[in-house]
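# Structural characterization, general
If you want the building blocks of each chain, they are given just below.
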Amino acid sequence: MIELSVNIDHVATVRQARRIAEPDPVAAAVLAELGGADGITVHLREDRRHAQDRDVRLLKEIVRGELNLEMACTEPIIRIALEVKPDLVTLVPERREEVTTEGGLDLRRRQAALRRAVARFREAGIEVSFFIDPDESQIKLARKLEADFVELHTGEYAQAADSLLRSEIERLADGAACAAALGLGVHAGHGLNVRNVQPVARIPQITGLYIGHSIVGRAIFVGMQQAVREMKQLILEARRNLDA
Ligand code: PXP
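Below, the structure is looked at part by part. Throughout, a residue's number is its position along its own chain's written sequence, starting from 1. With pLDDT at 70 or above as the cut-off, local features in this predicted model cover only qualifying residues; side-chain atom pairs require 80 or more to be listed or tallied, and sums for whole chains, interfaces and linings still use all residues. Just so you know, side-chain values use all the structure's heavy atoms and leave hydrogens and water out.

## Re helix H3 (residues 53-62)
As a reminder of what qualifies: Exposure categories follow from relative accessible area, calculated using a 1.4 Å probe and restricted to protein chains: below 20% of the type maximum is buried, above 50% is exposed, and the middle band is partly exposed. A run of H or I in DSSP counts as a helix once it spans at least four residues, and a run of E counts as a strand once it spans at least two, with each numbered from the N terminus. The arc in question is traced by the directions running from the helix axis to the C-beta atoms. Residues are treated as being in contact if the distance between any of their heavy atoms lies within 4.5 Å.
Restricting attention to buried positions, one finds in H3 the residues Asp55, Val56 and Leu59. Mapping the buried residues of H3 onto a view down its axis gives an arc of 95°, with all of them on the same face. Packed against the buried residues of H3 are helix H1 (9-18), helix H2 (25-34), strand E2 (39-43), strand E3 (66-71) and helix H4 (75-84).

## Here we look at helix H5 (residues 111-123)
Each α-helix turn comprises 3.6 residues. Residues three or four places apart therefore point the same way. How we decide: Expected helix span is taken as 1.5 Å per residue step, with the number of steps being one fewer than the number of residues.
For H5, spanning 13 residues, the distance from its first C-alpha to its last is 18 Å, which sits close to the expected 18 Å at 1.5 Å a residue. Of the residues making up H5, those classed as buried are Ala113, Leu114, Ala117, Val118 and Phe121. In an axial view of H5, the angular spread of the buried residues amounts to 135°, which keeps them on one side of the axis. Counted as exposed and oriented over 90 degrees from the buried face of H5: Arg116 and Glu123. On the buried face of H5, the contacting elements are E3, H4, strand E4 (88-91) and strand E5 (127-132). Downstream of H5 by a residue or two, Gly125 has a phi angle that is positive, lying close to 80°.

## Considering the packing of helix H10 (residues 213-222) against helix H11 (residues 224-243)
Operational definition: Lines fitted to C-alpha atoms define the axes, with helix axes restricted to the stretch in contact, and inter-axis angles between N-to-C directions lie between 0 and 180 degrees. Throughout this description, any angle smaller than 35 degrees is read as roughly parallel, any larger than 145 degrees as roughly antiparallel, any in the 65 to 115 degree range as roughly perpendicular, and the remainder as oblique. By the definition used in this description, the sense in which the near helix is turned from the far one sets the handedness, with an anticlockwise turn below a right angle giving left-handed and a clockwise turn giving right-handed. Charged residues are taken to be Asp, Glu, Lys and Arg, nonpolar residues to be Ala, Val, Leu, Ile, Met, Phe, Trp, Tyr, Cys and Pro, and polar residues to be all remaining types, Gly included.
Look at H10 against H11: their axes get within 7 Å of each other, and the N-to-C directions meet at 130°. Looking at the two axes, H10 sits oblique to H11. Crossing geometry of H10 relative to H11 is assigned as right-handed. For the pair H10 and H11, contact is made by Ser214, Ile215, Val216, Arg218, Ala219 and Val222 and by Met224, Gln226, Ala227, Val228, Glu230 and Met231, respectively. The class makeup of the residues in the contact of H10 with H11 is eight nonpolar, two polar and two charged.

## A word on the pairing of strand E8 (residues 206-211)
Our working definition: Pairing between two strands is assigned when DSSP locates at least 2 bridges connecting them.
By the criterion of burial, E8 is predominantly enclosed, with five of the six residues buried. Here four bridges tie strand E7 (residues 185-189) to E8, and the two strands are oriented parallel to one another. The residue of E8 that forms the bridge with His187 is Gly208.

## Things to note about the packing of H2 against H3
Direction vectors running N to C along H2 and H3 enclose 30°, while the axes themselves pass 9 Å from each other. With respect to their mutual orientation, H2 and H3 come out roughly parallel. The interaxial crossing formed by H2 with H3 has right-handed handedness. Mapping the contact onto sequence places Pro25, Val26, Ala29, Val30 and Glu33 in H2 and Arg54, Asp55, Leu58, Leu59 and Ile62 in H3. Partitioning the contact of H2 with H3 into residue classes produces seven nonpolar, no polar and three charged.

## Focus on the side chain of Thr41
Selection criterion: Counting of polar contacts relies on pairs of N or O atoms within 3.5 Å, with two restrictions inside protein: one atom must be capable of donating a hydrogen and the other of accepting it, and residues adjacent in sequence are counted only when both atoms are side-chain atoms.
You can see Thr41 is positioned in strand E2. There is a polar contact of 3.1 Å between the side chain of Thr41 and the side chain of Asn68. Ignoring anything within four residues of it in the chain, the contact list for Thr41 reads Ser5, Val6, Asn7, Ile8, Asn68, Glu70 and Tyr210.

## Some words on the pattern of salt bridges
To keep things clear, this is the line we draw: The salt bridge definition used is simple: a Lys or Arg side-chain nitrogen within 4 Å of an Asp or Glu carboxyl oxygen.
Taken as a whole, this structure holds 18 salt bridges when the rule is applied. Bridged by salt links that share partners, the residues Arg15, Asp24, Arg54 and Asp55 form one connected network.

Written as structure tokens, this is what we have:
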């Protein structure tokens, strides 16, 4: 089984360009679910450049599938997460000057803080995922820090020259196998689109794909439901033989 979580941050990016009420990412979430999304992801950044606190609270009310909150491991955002109680939090690195998340979290840093955060989320009944590069040492540390899931960073695969695609997919496949063997759930995401999603969707241990920019970009032209439907169909098609 493999599920699609749609990240609606970039609907909020368009709204924030004018700092008015529309387009509303909450409405986008409803349409994404109608189009076949299994869950919705939102990244509440410290600088609030796209999603706002109000979006996260409303999403908690209306999302029918899994609500995943992407966040940096900082106290103000941890408090909001503990209050809103999404189904899953995905801890990501965050730098104010970056355009989007650049690379995975380096779990060697701030291990004590990460361990404490995991314990607090666990106590609140929230599952925890670490967004990391498909790197054996990081995956082992994720296990040690008691994450439920890892989300393997697919950004390098998505950016790779044709000659390197095969080795990037092998890296992701090895990472997924290693994580699953350690008992971790395996997700993947970043930079995935209709052209590059299928080789990732074929990695058998991956049970969730987290996709935002390409779906929202396509939704501008074909509508949110259609954009989600197309992506979901490609993912299920890639997986058909495996999950049959
Ligand atoms: N997963 C994580 C952890 C991310 O930070 C992002 C970007 O917010 C995504 C997935 C989705 O990436 P994209 O918008 O490139 O599909």
